[in-house]
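So you can see what is in the structure, the chains are spelled out below.
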Amino acid sequence: MKKIECIIRPEKFSELRQKLGDFGVYGLTVTEAAGCGLQEGKTGVYRGNEYEIHLFPKIKLEMVLTEDMTDEVITLIKEICGEGNVGDGKIFVIPVEDVIRIRTGENGIGAISS
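A brief report on the enclosed structure follows. Quick caveat, the model's predicted, so the values are computed rather than measured.

**Concerning helix α2 (residues 67–81)**
Note: α-helices contain 3.6 residues per turn, so residues at a spacing of three or four share the same orientation.
So, step 1. If you check α2, its first and last C-alpha atoms are 21 Å apart, about what 15 residues at 1.5 Å a residue would give, namely 21 Å.
So, step 2. Those residues of α2 lying buried are Met69, Thr70, Val73, Ile74, Leu76, Ile77, Ile80 and Cys81. For α2, the angular spread of buried residues about the axis comes to 165 degrees, placing them on one side. Set apart from the buried face of α2 by more than 90 degrees, the exposed residues are Asp68, Asp71, Lys78 and Glu79.

Printed below as a string of structure tokens:
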């Protein structure tokens, strides 16, 4: 099993969630986040005062998948979220040793399937 964590632009979340559901990925953890990377800060003006923006709004998605789904999900994320611009996001792939469903005590792949 693999855990995929991805940081994406908020405007891409709705489309990605729909496509992941169509693909059969239903278990997601979604967190609103703010972050920076290679994006340079912006200068804004509010009521005549200049201010710097260094952190940009992002969405962090986490999902645990069987290894056979991992490559296809990564491709899907890249297709939907990749515009070729700085700030498109990152995908992290992490090995998962075990998963336990608290309610039933199931573990392994049975704990992440419906």
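There's plenty left to go through after this.
**A short note on the nonpolar core**
One recurring pattern in soluble globular proteins is that nonpolar side chains are buried together.
So, step 1. In terms of nonpolar packing, the biggest core is built from 18 residues, with Ile8, Leu16, Leu20, Leu61, Met63, Val73 and Ile77 touching the most fellow members.
So, step 2. Within the residue set of this core, elements represented by two or more residues are β1 (2–8), α1 (13–23), β5 (56–65) and α2.
So, step 3. The element contributing the most residues to this core is α2, with seven residues.
So, step 4. The contacts of methionine 63, once residues within four sequence positions are left out, are Lys2, Lys3, Ile4, Leu20, Val25, Gly27, Leu28, Val73 and Ile77.

**Quick notes on the sheet that holds strand β6 (residues 89–95)**
So, step 1. Overall, antiparallel pairing links the four strands, which are arranged β2-β5-β1-β6 in an open sheet. The open sheet has two edge strands, β2 (29–35) and β6, and neither has a second partner. Taking the axes of each pair of neighbouring strands and ignoring which way they run, one obtains an average angle of 20 degrees across the sheet.
So, step 2. The pairing of β1 with β6 spans seven bridges and is antiparallel. Bridging across to β6, cysteine 6 finds its partner in isoleucine 91.
So, step 3. Across the face of the sheet, α1 comes into contact with β1, β2 and β5 while running at roughly 10 degrees to β5.

**Quick word on the pattern of salt bridges**
So, step 1. Counting across every chain of the model gives six salt bridges.
So, step 2. The salt bridge involving lysine 60 is made with glutamate 5; its shortest N-O contact spans 3.8 Å. With a gap of 55 residues between them, lysine 60 in strand β5 and glutamate 5 in strand β1 connect regions that are remote in the sequence.
So, step 3. Exposure remark for glutamate 5: the relative accessible area of 15% places this residue in the buried category.

What counts and what doesn't
- Residues numbered from 1 in each chain as written.
- Predicted model: local features only at pLDDT ≥ 70, side-chain atom pairs only at ≥ 80, totals over all residues.
- Heavy atoms only, no water.
- Helix = DSSP H or I, 4+ residues; strand = E, 2+ residues; numbered from the N terminus.
- Expected span 1.5 Å × (residues − 1).
- Buried < 20%, exposed > 50% of the residue type's maximum accessible area, 1.4 Å probe, protein only.
- Arc of directions from axis to C-beta.
- Core = buried A, V, L, I, M, F, W, Y, C linked by side-chain atoms within 4.5 Å.
- Contact = heavy atoms within 4.5 Å.
- Pairing = 2+ DSSP bridges.
- Axes fitted to C-alpha atoms, helices over the stretch in contact; angles between N-to-C directions.
- Salt bridge = Lys/Arg side-chain N within 4 Å of Asp/Glu carboxyl O.

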